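Read off the chains here:
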Amino acid sequence: MKSRLSIVLAALWWGSLTGLGFLVVPMLFTHLPSPAAAGAMAAKLFTAQTWLSIGCTMLLLLVLNKKEAPALSSSAQAAMKFIVTGLLLAVLVEFGVAPRIVSARANGGSLQLWHGLGSAMYLGQWLAAGWTLWSLSRVQPPQGY
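Residues numbered from 1 in each chain as written. Predicted model: local features only at pLDDT ≥ 70, side-chain atom pairs only at ≥ 80, totals over all residues. Heavy atoms only, no water.

Student: Help me understand the packing of aromatic side chains, please; the structure alone is not making it clear to me.
Tutor: Any two aromatic rings considered together are summarised by their centre-to-centre distance and by the angle between their planes. Evaluation of the coordinates by the stated rule reveals five aromatic pairs. On the numbers, 5.2 Å between centres and 70 degrees between planes, the contact of Phe46 with Tyr122 is edge-to-face. Of this pair, Phe46 sits in helix H2 (residues 35-64) while Tyr122 sits in helix H4 (residues 111-137), placing them 76 residues apart in sequence. For Tyr122, a relative accessible area of 12% gives the class buried. A connected cluster of aromatic rings, assembled from ring pairs, spans Trp14, Phe22 and Trp126. Seen from the ring of Trp114, Arg100 lies directly overhead, with NZ or CZ sitting 5.5 Å from the centre. (Phe/Tyr/Trp six-rings, centres within 6.5 Å; stacked < 30°, edge-to-face > 60°. Helix = DSSP H or I, 4+ residues; strand = E, 2+ residues; numbered from the N terminus. Buried < 20%, exposed > 50% of the residue type's maximum accessible area, 1.4 Å probe, protein only. Lys NZ or Arg CZ within 6 Å of the ring centre and 35° of its normal.)

Student: For this particular structure, what's the right way to read helix H3 (residues 74-107)?
Tutor: What sets the pattern is the α-helix's 3.6 residues per turn: residues three or four places apart point alike. Here H3 is 34 residues long and its end C-alpha atoms lie 49 Å apart, about the 50 Å a rise of 1.5 Å per residue gives. Bending of H3 peaks at approximately 40 degrees at the position of Val93. Positive backbone phi, approximately 75 degrees, marks Gly108, located one or two places after H3. (Expected span 1.5 Å × (residues − 1). Bend = angle between axes of the 7 residues up to and from the residue.)

Shown next, in the form of structure tokens:
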């Protein structure tokens, strides 16, 4: 049961990052009347995505934390590092980079720098979520072989 739940959580995390970052936000900039309107809506969606990512990663950490087992399975061990990395990237983007993007827009600061850093960190989170999903969904050989 824990294995299935962890795969569902990882799939939700990776799928939501994929849908938002590679489909929804580009469509906003294509179909909304101005880049300012698209940017404002994208910022709200990225905030919602951050909270979804935090929820998925925290639940993954809880589900994979097997105190009754002497050690985590190899796939869970591999995934743990990426889960924590993805969690840290989500928090850093939301509370470190996003406010600087807003400030740069308002004050004429280095928008390109902060937007590029935020995009790179989002890509890092996407890769961490993808690797987590890949690790957790690998078929494990039966015990004792």
